[in-house]
Amino acid sequence: MTTNRIQHIISLLSSEGNTSNIDGRTLPFGSLLHVRSFVIVLVSVIMLAACERHTPAWKQLDIAENLMNTKPDSVLAVLDGIPASAVKGKETSVRYALLKSMALEKNCIDTPIFDVLQPAIDYYIEHGSPDEQLRTYYQGRVYQNQGDNDLATQSFMWGKEFCQEASDTLAMANLMIDQATILYSTYKIDDYIKNNLDAAKLYKAINRPDYEILSLANALDGSILNKDKPLADSVMSITQERVKQNPEYASVIVPYNLSYALKFGNKEEVIRILDYYESMKPIDDIDRLDIVEAYCKIDDAPNAMRILTSILLTSRIRSWDS
């Protein structure tokens, strides 16, 4: 559409003769030639970009981006399967660099990611769309993994500036969750809760109940830490409703139900949740330790020892197997 309109303008410029009257002003022939040359260059750039986005390599990058949040290991396989000779053009190169950096980070591969990521950041900040500029916040994830929370926070704040114009809802929600981890570690629990609730709304808008329920669980955890029962009750109600609609994620919320009962409930509620907790299969050692702690808090030493013994037993079995 844009190309057709520009070509139409060129035809108009070609048919005007030696002068053109615009807003009561007469443009000389030389000015018309200058304008026409500029428009031709613009068309060439647009056509080149359009061609670049229809290459097999670009389609593979689309596949990699779609898999990033669910199967990051597959993303590396997709990217590694693109021949270096096929990564041509600035847009393709920087997009490849950004996706490769994200995949390396998500797969916990220790490598100088900034060497790969920085060219993409520089390009997108200067030339990218609002969505592309938003994704440069991922630099903060790299800083975060390096233990530099100050630079990570700066990157996240910088990324948030693009949220008003961007349309990538998933990236906006992920940004809030990544920032929330730093807020939690610095005991800014109110902000931690807000980020998770805002992210949950965004995840719901794009029909990602898995991420939505995790965000709600984090918000519930924060409200319990703050001893804010009204807020905890509100978040719990929303979360339980979402779990009813998506029962496959019920196990996500159980530890937080237990924390809620220990903080605000009575012994009978705790025992009921513990019975359900123990009925879940399988139960990992972290969950079992939660159960042990809960039994201790309700002064049930025999059951606490029973679960603790099962942890020690399975740990020995694993050590023998290895």
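Residues numbered from 1 in each chain as written. Predicted model: local features only at pLDDT ≥ 70, side-chain atom pairs only at ≥ 80, totals over all residues. Heavy atoms only, no water.

### Focus on the nonpolar core
What counts here: We define a nonpolar core as any set of buried Ala, Val, Leu, Ile, Met, Phe, Trp, Tyr and Cys residues linked to one another through side-chain atoms lying within 4.5 Å. Remark: exposure states derive from per-residue accessible area (1.4 Å probe, protein chains only) relative to the maximum for the residue type, with buried under 20%, exposed over 50%, and partly exposed in between. Helix numbering and strand numbering both begin at the N terminus, where a helix is a DSSP run of H or I of at least 4 residues and a strand a DSSP run of E of at least 2.
If you look at the biggest cluster of nonpolar residues, it comprises 38 residues, and the most contacted ones within it are Leu 61, Leu 79, Ile 82, Leu 99 and Leu 134. Every element with two or more residues in this core is listed here: α3 (56-67), α4 (72-80), α5 (90-106), α6 (113-127), α8 (139-145), α9 (149-160) and α10 (169-185). Take this core: its biggest share by element is eight residues, from α5.

### Looking at the layout of surface pockets
The following threshold applies: Lining residues are defined by having an atom within 4 Å of a point belonging to a cavity or pocket. Those points lie on a 1 Å grid over the protein atoms alone, cavities being sets where a 1.4 Å probe fits but cannot get out and pockets being open sets with protein on both sides within 12 Å along at least five of seven lines. Grid points are joined across faces, edges and corners, and a volume is the space filled by probe spheres set on the points. Here the term charged refers only to Asp, Glu, Lys and Arg, the term nonpolar to Ala, Val, Leu, Ile, Met, Phe, Trp, Tyr, Cys and Pro, and the term polar to all other amino acids, Gly among them.
As a volume, the largest pocket reaches approximately 770 Å³. What lines the largest pocket is a set of 32 residues, among which Asn 69, Met 102, Lys 106, Leu 170 and Asn 174 lie closest to the centre. With six residues, α10 is the largest single contributor of residues to the lining of the largest pocket. Considered class by class, the residues forming the lining of the largest pocket number 14 nonpolar, eight polar and 10 charged. Space inside the second largest pocket adds up to approximately 300 Å³. If you go around the second largest pocket, you meet 13 residues; those closest to its centre are Pro 255, Ser 259, Leu 262, Glu 293 and Lys 297. Contributions of two or more residues to the lining of the second largest pocket are made by α12 (209-225), α14 (250-264) and α16 (285-297). Class assignment for the residues of the lining of the second largest pocket results in seven nonpolar, one polar and five charged.

### Concerning the pattern of salt bridges
Threshold: Whenever Lys or Arg places a side-chain nitrogen within 4 Å of a carboxyl oxygen from Asp or Glu, that contact is recorded as a salt bridge.
In this structure the tally under the stated criterion is 12 salt bridges. Among the salt bridges present, the one from Asp 178 reaches Arg 141, with a minimum N-O distance of 3.2 Å. With Asp 178 in helix α10 and Arg 141 in helix α8, the pair connects residues that are 37 residues apart, well separated along the chain. This pair shows no difference in class: Asp 178 is buried, exactly as Arg 141 is. Each of Asp 62, Glu 65, Arg 95, Arg 135 and Asp 168 takes part in one network of salt bridges that share partners.

### So, the environment of Pro 255
The residue Pro 255 is located in helix α14 in this model. Residue class for Pro 255 comes out partly exposed when judged on its relative accessible area of 21%. For the pair Pro 255 and Asp 290, spaced 35 residues apart in sequence, the C-alpha separation works out to 7.5 Å.

### Concerning the packing of aromatic side chains
Selection rule: Here the aromatic set is Phe, Tyr and Trp, taking the six-membered ring for Trp, and pairing holds for ring centres within 6.5 Å; pairs whose planes are under 30 degrees apart are stacked, those over 60 apart are edge-to-face, and all others are tilted.
Evaluation of the coordinates by the stated rule reveals seven aromatic pairs. Ring plane angle 65° and centroid distance 6.0 Å describe the contact between Tyr 137 and Tyr 138, whose orientation is recorded as edge-to-face. Take Tyr 137 and Tyr 138: they sit in the same class, and that class is buried. Consider the rings of Tyr 137 and Phe 156, whose centres lie 5.9 Å apart with planes at 50°: the pair is tilted. With Tyr 137 in the loop between α7 (130-134) and α8 and Phe 156 in helix α9, this residue pair connects regions lying 19 residues apart in the sequence.

### Some words on helix α13 (residues 229-245)
Each α-helix winds once per 3.6 residues, and so residues spaced three or four apart point in a common direction. Rules: One fewer than the residue count of a helix, multiplied by 1.5 Å, yields its expected span. Whether two residues are in contact is decided by their heavy atoms, any of which lying within 4.5 Å being enough. Whenever a nitrogen or oxygen atom comes within 3.5 Å of another N or O atom, the pair is scored as a polar contact, on the condition that within protein one atom can donate a hydrogen and the other can accept it, and that pairs from neighbouring residues in sequence are kept only if both atoms are in side chains.
With 17 residues, α13 should cover 24 Å at 1.5 Å per step; its first-to-last C-alpha distance of 24 Å lies within 8% of that length. Its buried side turned inward, α13 meets α11 (189-205), α12 and α14. Near the N-terminus of α13, the side chain that reaches the backbone nitrogen of Leu 231, with its oxygen 3.2 Å away, is that of Asp 228.

### What to know about the confidence of the model for the chain
Note the threshold: pLDDT is a residue-level measure of predictor confidence that goes from 0 to 100.
The pLDDT averaged across the chain works out to 81; a share of 79% of its residues lies at or above 70. For the chain, the element scoring lowest by mean pLDDT is helix α2 (residues 29-52), at 48; α11 scores highest, at 97. Across residues 38-51 the pLDDT falls below 50, and counting only partners more than four positions away or on other chains, this stretch makes 12 contacts in the model.

### Topic: a nonpolar patch on the surface
Spelled out, the test is: Only residues whose relative accessible area exceeds 30% and that form no salt bridge are eligible for patches; like-charged ones are grouped when within 9 Å, while nonpolar side chains (Val, Leu, Ile, Met, Phe, Trp, Tyr) are grouped when within 5 Å. For every accessible area listed, the method is Shrake-Rupley and the probe measures 1.4 Å; residues are considered covered only by the protein chains on display.
A cluster of nonpolar side chains, Leu 289, Met 305, Leu 308 and Leu 312, forms an exposed patch at the surface whose accessible area comes to about 360 Å². The biggest single contributor to the nonpolar patch is helix α17 (residues 301-321), with three residues. Note that Leu 308 resides in helix α17.

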